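What follows is each chain in one-letter form.
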Amino acid sequence: MVVSVKPEYLQVLISVERNGSLSAAAAELGITVSSVSYAVRQLEEQLGQALLNRDSYRVCLTPAGVTARDYAEQIVNLHQSLEAHVRQVGEGWEPELRIAFTNMMCGEVLYQWLRDFYQLDTRTRIRVVREVYQGTWDALYDQRVDLVIGAVGQPPHEVDIEYLPVGRQALMLVMAADHPLAVDTAPLSIRELSQQRLVDAGDSSRLIRPGKGQQQLCDEVLIVPDLFAQREAILSGIGVGFMPEHLIGDLLAEGQLCCREVINLDCSSELFVAWRKSSRGQALNWFSDRLQDAAMRESFLNKAVTI
């Protein structure tokens, strides 16, 4: 036989156990003592077990009552969550917004935006994933994410995708302070660079053909998962690599890394923000409305810019 109990009865049981008396539970819930007693009796009749030990001065739960209380807490939480999520979706807020973010952008700006978003108390879960190079477009094309901040390179031909340029992110050729290239500061030729081991982040694209980026400049290339791993590898002295200043500025200032210019080489990447037109919800609208402002988009290129 399926037992159906009212959530308000379960809330009464939880309150009685927490307060230790029927009267205290009644005061907490704003109802009469007789209503509390009735709710508990209804639960006991429906479950076929005594839930309260009424022999002691302080009302306490029987072993069956403890089990009922544990389930009651889960049921009440689920009931509240159901109401909140139904209201959330009814008001147009997505249950989850998935954002692909690249190391080429300043993470501090993203988390500042998320802090502002959470103040709206929408209950939309935000999931931030890391994609590298063409993997940013790939994730949007494959509908693994709803929004991309820092898509690298030219957008794919996809009519459902709306995109806006952020600007070009300058990249610096850097090496560890004890690397052979660090002994000089004169600009390098592309030929001199080609003789070095290049450390680069691997493209995370699954469907779109990955771009080679700077990898075509050197015969020997070490591929690592992302720009954070690239920074660690370069610091170890096993190779050189192109990195955005916001990830290595402090290391340059401390002397742990050195930089060299490369003659006749454009060391920058064009970046975009993008989202699917068909995936519009209130949360995506909140972010995309901000991204319509060019100055706010450009703030991701330089954490010193205030918004």
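Owing to the predicted nature of the structure, the values given are computational and were not obtained by experimental measurement.

1. A word on unusual backbone geometry
In step 1: The phi dihedral of D121 falls on the positive side, at around 55°, and the residue is not glycine.
In step 2: Among the secondary structure elements, D121 is positioned in the loop between helix 5 (107-118) and strand 4 (125-130).
In step 3: Overall, D121 belongs to the exposed group, its relative accessible area being 60%.
In step 4: Positive phi, normally seen in glycine, also occurs at N264, with a value near 60°.
In step 5: If you trace the backbone, N264 turns up in the loop between strand 10 (257-260) and strand 11 (268-276).

2. Some words on the nonpolar core
Inside soluble globular proteins, nonpolar side chains tend to come together where they are buried.
In step 1: Ranked by size, the top nonpolar core spans 57 residues in total, and within it I149, F242, F287 and F300 carry the most contacts.
In step 2: Not counting residues up to four positions away in its chain, the partners in contact with F287 are L97, I99, W113, L114, F117, I126 and L147.
In step 3: With 19 residues, the next largest nonpolar core counts A25, A39, L51 and L52 among its residues.

3. Considerations on the side chain of E44
In step 1: Assignment of secondary structure puts E44 in helix 3 (residues 33-47).
In step 2: Judged by its relative accessible area of 14%, E44 is buried.
In step 3: One polar contact links the side chain of E44 to the main-chain amide nitrogen of L52, over a distance of 3.4 Å.
In step 4: Leaving out residues up to four positions away in the same chain, E44 has contacts with Q49, A50, L51, L52 and R54.

4. Some thoughts on the pattern of salt bridges
In step 1: A complete count under the given rule lists 14 salt bridges for this structure.
In step 2: When the shortest N-O distance is used, the salt bridge between E96 and R125 registers 3.9 Å. Of this pair, E96 sits in strand 3 (residues 96-101) while R125 sits in strand 4; the two residues are 29 residues apart in sequence, bridging distant segments of the chain.
In step 3: Between D116 and R290 there is a salt bridge, and its shortest N-O distance comes to 3.1 Å. Of this pair, D116 sits in helix 5 while R290 sits in helix 10 (residues 282-291), and the two are 174 residues apart along the sequence.
In step 4: Given the relative accessible area of 21%, D116 is considered partly exposed.
In step 5: Residue class for R290 comes out buried when judged on its relative accessible area of 19%.
In step 6: Through salt bridges with shared partners, one network takes in E131, D138, D142 and R144.

5. Concerning the packing of helix 2 (residues 22-29) against helix 3
In step 1: Axis separation between helix 2 and helix 3 bottoms out at 8 Å; the angle between their running directions is 105°. Between helix 2 and helix 3, the angle falls in the class roughly perpendicular. Here L22, S23, A25 and A26 of helix 2 come into contact with helix 3, specifically with V33, V36 and S37.

6. Here's the deal with the environment of M172
In step 1: Residue position: M172 is located in strand 6 (residues 161-176).
In step 2: A relative accessible area of 22% means that M172 is categorised as partly exposed.
In step 3: Ignoring any residue separated from it by four or fewer positions in sequence, one finds M172 in contact with G241, F242, M243, E245, I248, L252 and C259.

7. Section: the packing of aromatic side chains
In step 1: Enumeration according to the criterion identifies 11 aromatic pairs in this entry.
In step 2: Between F117 and W286, the aromatic rings sit 5.3 Å apart at their centres with planes inclined by 65°, giving edge-to-face as the arrangement. With F117 in helix 5 and W286 in helix 10, this residue pair connects regions lying 169 residues apart in the sequence. Accessibility classification places F117 together with W286 in one group, the buried group.
In step 3: In this structure an aromatic cluster arises from ring pairing among W93, F117, Y118, W286 and F287.

Criteria and thresholds
- Residues numbered from 1 in each chain as written.
- Predicted model: local features only at pLDDT ≥ 70, side-chain atom pairs only at ≥ 80, totals over all residues.
- Heavy atoms only, no water.
- Helix = DSSP H or I, 4+ residues; strand = E, 2+ residues; numbered from the N terminus.
- Buried < 20%, exposed > 50% of the residue type's maximum accessible area, 1.4 Å probe, protein only.
- Core = buried A, V, L, I, M, F, W, Y, C linked by side-chain atoms within 4.5 Å.
- Contact = heavy atoms within 4.5 Å.
- Polar contact = N/O pair within 3.5 Å; in protein donor to acceptor, adjacent residues only side chain to side chain.
- Salt bridge = Lys/Arg side-chain N within 4 Å of Asp/Glu carboxyl O.
- Axes fitted to C-alpha atoms, helices over the stretch in contact; angles between N-to-C directions.
- Parallel < 35°, antiparallel > 145°, perpendicular 65-115°, else oblique.
- Phe/Tyr/Trp six-rings, centres within 6.5 Å; stacked < 30°, edge-to-face > 60°.

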